[in-house]
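The chain contents come next:
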Amino acid sequence: MTTAARTLYRNAKIFTADGPAMAEAMLVDGDRLAYVGEESTALRLAGAAAQVDLGGAFVLPGFIDAHTHLLMMGQAMQKVELRDAASLAQIQERLREAANAAPDAARILGRGWLFPAIPGGMPTAAMIDVVIPDRPVYLDSNDVHSMWVNSAALAEMGIDRDTPDPIGGKIQRDPATGEATGLLYETAAQQYAWPTLASVTTDAERDAQLAGAFGHYLSTGVTGGIDMAMGEDDLAAMRRALTASSGGPDGGGTLPLRVTGHWLITQTGSVAGNLAQVARAVELSREVNSPWLRIAGIKIIVDGVIDSCTAAMKEPYADGSNAGLIWELEDLTPVVAAADAAGLQIAMHAIGDAASDAALDALEHACLVNGERDRRHRIEHLETVTPENVQRLARLGVVASMQPVHSDPAIQDNWRAMLGDHRVDRAYPWTEFTDAGATLALGSDAPTAPHQPLPNMYVATTRKSALDQSLPANLPQYALGLAEALGHATRDAAFSCGMEQELGRLATGMLADFVVLDTDPFDAGLDSLLTASVALTVVGGQVRYRG
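Since the structure is predicted, the reported quantities are computational estimates derived from the model, not experimental observations. (Residues numbered from 1 in each chain as written. Predicted model: local features only at pLDDT ≥ 70, side-chain atom pairs only at ≥ 80, totals over all residues. Heavy atoms only, no water.)

1. Remarks on the overall build of the chain
Stated precisely, the cut-off is as follows: Helix numbering and strand numbering both begin at the N terminus, where a helix is a DSSP run of H or I of at least 4 residues and a strand a DSSP run of E of at least 2. As defined in this context, the radius of gyration uses C-alpha atoms, and a globule is described by 2.2 Å times the residue total to the power 0.38. Throughout, exposure labels follow a simple rule: accessible area from a 1.4 Å probe, protein chains only, divided by the maximum for the residue type, with under 20% read as buried, over 50% as exposed, and the rest as partly exposed. Between two residues, a contact is recorded if the distance between any of their heavy atoms is within 4.5 Å. Each accessible area is a Shrake-Rupley result for a 1.4 Å probe, and residues are judged covered by the shown protein chains and nothing else. His is not counted, nor are the chain ends; Lys and Arg add positive charge and Asp and Glu add negative charge. Where a charge lies is defined by one atom per residue type, namely NZ (Lys), CZ (Arg), CG (Asp) and CD (Glu).
Scanning the chain from terminus to terminus reveals 18 helices and 22 strands. A compact globule built from 547 residues would reach a C-alpha radius of gyration of about 24 Å, and the chain, at 23 Å, matches this within 12%. Here the chain holds 547 residues, and the buried ones make up 58% of them. Residue pairs at least 24 apart in sequence account for 71% of intrachain contacts in the chain once pairs closer than 6 positions are excluded. When the accessible surface of the chain is summed, it comes to about 20100 Å², and 53% of that surface belongs to carbon and sulfur atoms. In the chain, 39 side chains carry a positive charge and 68 a negative one; their mean positions are 4 Å apart.

2. Comments concerning the state of the cysteines
Heads up, the condition is: A pair of cysteine sulfur atoms is labelled a disulfide when the two atoms are within 2.5 Å.
Counted by the stated rule, this structure contains 0 disulfides. Unpaired in this structure, Cys-497 has its nearest cysteine sulfur neighbour in Cys-367, at a distance of 20 Å. We classify Cys-497 as buried; its relative accessible area is 4%.

3. Digging into the pattern of salt bridges
Stated precisely, the cut-off is as follows: Salt bridge criterion: a side-chain nitrogen from Lys or Arg within 4 Å of a carboxyl oxygen from Asp or Glu.
Within this structure, the stated rule accounts for 34 salt bridges. Where Arg-240 meets Asp-203, a salt bridge forms, and the shortest distance between an N and an O atom there is 3.6 Å. A residue pair is termed long-range when its members are at least 10 positions apart, and Arg-240 in helix α8 (residues 232-246) and Asp-203 in helix α7 (residues 203-219) qualify at 37 residues. Of the residues examined, Asp-203 reaches a relative accessible area of 40% and is grouped as partly exposed. One network of salt bridges, in which partners are shared, links Asp-203, Arg-206, Asp-207, Asp-233 and Arg-240.

4. Structural notes on the packing of helix α9 (residues 271-287) against helix α10 (residues 329-341)
Selection criterion: Inter-axis angles, ranging from 0 to 180 degrees, are taken between N-to-C directions of lines fitted to C-alpha atoms, where helices are fitted over the stretch in contact. The labels follow the angle: roughly parallel below 35 degrees, roughly antiparallel above 145, roughly perpendicular from 65 to 115, and oblique for the rest. By convention, the crossing between two helices is left-handed when the near helix turns anticlockwise from the far helix through less than a right angle, and right-handed when the turn is clockwise. Note on residue categories: nonpolar means Ala, Val, Leu, Ile, Met, Phe, Trp, Tyr, Cys or Pro, charged means Asp, Glu, Lys or Arg, and polar means any other residue, Gly included.
One can describe the packing of α9 onto α10 by two numbers: an axis separation of 10 Å at closest approach and a directional angle of 25°. Overall, the two elements α9 and α10 adopt an arrangement that is roughly parallel. The chirality of how α9 crosses α10 is right-handed. Between α9, through Asn-274, Leu-275 and Val-278, and α10, the contact on the second element is made entirely by Pro-334, Val-335, Ala-338 and Ala-339. Considering only residue class, the contact of α9 with α10 consists of 6 nonpolar, 1 polar and no charged.

5. Considerations on the packing of helix α11 (residues 353-370) against helix α12 (residues 387-396)
Two measures define how a pair of helices packs: the angle their axes make with one another and the distance between the axes. Where α11 meets α12, the closest approach of the two axes is 11 Å, and the angle between their N-to-C directions is 25°. As summarised for this structure, α11 and α12 are arranged roughly parallel, according to the angle between their axes. In terms of crossing hand, the pair formed by α11 and α12 is left-handed. Mapping the contact onto sequence places Asp-353, Ser-356, Asp-357, Leu-360, Asp-361 and Glu-364 in α11 and Asn-389, Arg-392, Leu-393, Arg-395 and Leu-396 in α12.

6. Digging into the pairing of strand β22 (residues 542-546)
The following threshold applies: At least two DSSP bridges between two strands are required for those strands to pair.
Two strands pair when backbone bridges link them, and strand β21 (residues 534-539) and β22 are joined in this way by 4 bridges, in the antiparallel orientation. Bridged to Val-538 within β22 is Val-543. Where β21 folds back onto β22 in an antiparallel hairpin, the turn is made up of 2 residues, including Gly-540, whose phi is positive at roughly 60°.

7. Re the packing of aromatic side chains
Keep this limit in mind: Centres within 6.5 Å are what make two rings of Phe, Tyr or Trp a pair, Trp counting through its six-membered ring; a difference in plane orientation under 30 degrees is then read as stacked, over 60 as edge-to-face, and the rest as tilted. Sitting over a ring, as applied to charges here, requires NZ of Lys or CZ of Arg to be within 6 Å of the ring centre and within 35 degrees of the ring normal.
Scanning the model with the defined rule gives 6 aromatic pairs in all. Ring centres 5.8 Å apart and planes at 35° place the aromatic pair Phe-15 and Phe-522 in the tilted group. Placement of the pair is Phe-15 in strand β1 (residues 6-15) and Phe-522 in helix α18 (residues 521-524), with a sequence separation of 507 residues. Grouped by ring-pair contacts, the aromatic residues Phe-15, Phe-58 and Phe-522 constitute a single cluster. Lying across the ring of Trp-292, Arg-258 places its NZ or CZ 4.3 Å from the centre. Here the guanidinium or amino end of Arg-376 rests over the ring plane of Phe-495, the centre of that ring lying 3.8 Å away.

8. Notes on the sheet that holds strand β9 (residues 137-141)
Here we have 6 strands laid out as an open sheet, ordered β7-β8-β9-β10-β12-β11, and mixed in their pairing. What marks the edges here is a single partner per strand, and that holds for β7 (80-81) and β11 (169-173). With 2 bridges connecting them, β7 and strand β8 (residues 108-113) associate as parallel partners. Counterpart to Val-80 in the pairing with β8 is Gly-110. Across the sheet, helix α3 (residues 88-101) is in contact with β7, β8, β9 and β10 (146-149); its angle to β8 comes to roughly 150°.

9. Some details on the side chain of Glu-380
Here Glu-380 lies in strand β17 (residues 378-381). By relative accessible area, Glu-380 is classed as buried at 0%. When near neighbours in sequence (up to four residues on either side) are disregarded, Glu-380 contacts Ala-66, His-67, Met-228, Ala-347, Met-348, His-349, Ala-350, Ser-401 and Gln-403.

10. Digging into the environment of Asp-227
Basically, it comes down to this: For the purposes of these results, a polar contact is taken to be a pair of N or O atoms within 3.5 Å, where, inside protein, one atom must be able to donate a hydrogen and its partner to accept one; residues adjacent in sequence count only when each atom of the pair is a side-chain atom.
With respect to the helices and strands, the residue Asp-227 is situated in strand β13 (residues 222-230). By relative accessible area, Asp-227 is classed as buried at 1%. Separated by 105 residues in sequence, Asp-227 and Leu-332 place their C-alpha atoms 21 Å apart. In this structure Asp-227 touches Thr-68, His-69, Leu-70, Leu-71, Met-238, Val-259, Thr-260, Gly-261 and His-262, once residues within four positions along its chain are discounted. In this structure the side chain of Asp-227 is engaged in a polar contact, spanning 3.4 Å, whose partner is the backbone nitrogen of Ala-229.

What follows is the structure, encoded as structure tokens:
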């Protein structure tokens, strides 16, 4: 990591995400931009500043991942990758190889499996037991909303035929015997598997996992992240990183990138229990509020996901089933109203069109009871949404937080099959939100999807696959222009967390967070987003990554 009091970056093609859209040079003074514009003016102002000739390279604001899970991402990078395993046999072979490579590991962890790879779309413990019968195995689904485990893991968690389904979740059971079959949906995974794994993870392991996530993000041009399910373990790891960077417990430290956190509120079934979590978030929002780490609001998971038919839909799935809300409106409304009254930013996961109904109803109620003020609430994902709710969201000033990578055609077959009707023709309708006047903030939802922002921008601008370019585009009428997509992933991502006066644009007075690419995608074309690499990542005027 290097820094200079004043540094002139010149001979560049600078996309500012501001007006004017392009510039030639930037003068960095400390952690801020002292000038952005013509090179001749920058040279005149630079004086004795150090100079960096970028050789005509392309520069843009640092990407801000508008929806991520940092510690979980670092953990996922240590798990067996199953996203591209196309069959049960391939999954079993990878698990066998992982077990053989780590004979002393107490558990085998994997991630990313897709339902179409499993016969009948229904994974069972027995399918893992034939490969690894003696150690617990925990496998996150691609969307991290389901977990597939073996018999040893069920035993470790204490799950048997008498274990109750939690609110908003389900333990898949054999209809004849009532025994758990090895698949945990939604809050069943969160309330049984997640605490079990957390209890056997050390602080040192979490610190290494978080550092790994930071490093991967910096190498791909991400300078900030909005963590969308922060809990005590996540916050403790980030605070340790701050303390380590400052050399002591008195504060003043930095993180490798800027983190805004949303405190996860879980459904307890009790108004008092739910509101106690909001009170904790309020306390933390006052206590954790530095330029590098801040708790801005809360996160509520209103429903599930379409791939496992747990998203709440207005019409049934193709098989005739449907799912209820994890948070029914009578439970959701007091939590949203209390958080809004306290000035917290509210982010709600709502994938099904019935879930966005509930989310918007709760936000409208909060506006009614708490009065008018500047709000920056958000709805996450919005994979299916009615045209009426697109307009309602925009009218309420709610940010549409969406993830282009989730629409990648390579992972859409099961998604489409579960709906099987007209709803697949309005999937991930990004431009409907912008046409309605809403702010669109783009992120990745890592580790449910690849975290790299440049392939994410390829999907955003083409609606084609970053994983398999031979596939046709997924509803190309919803594709974004390149300048629009970059703006949604930088300027609007900053707006989505209330930091638009500091981050997301390259303009005089803004924080010096920017990325240098080896390719100009405006000149080289959209396909270059799949091959371009990061030459330099600068955060707060300091070089945090050099390619």
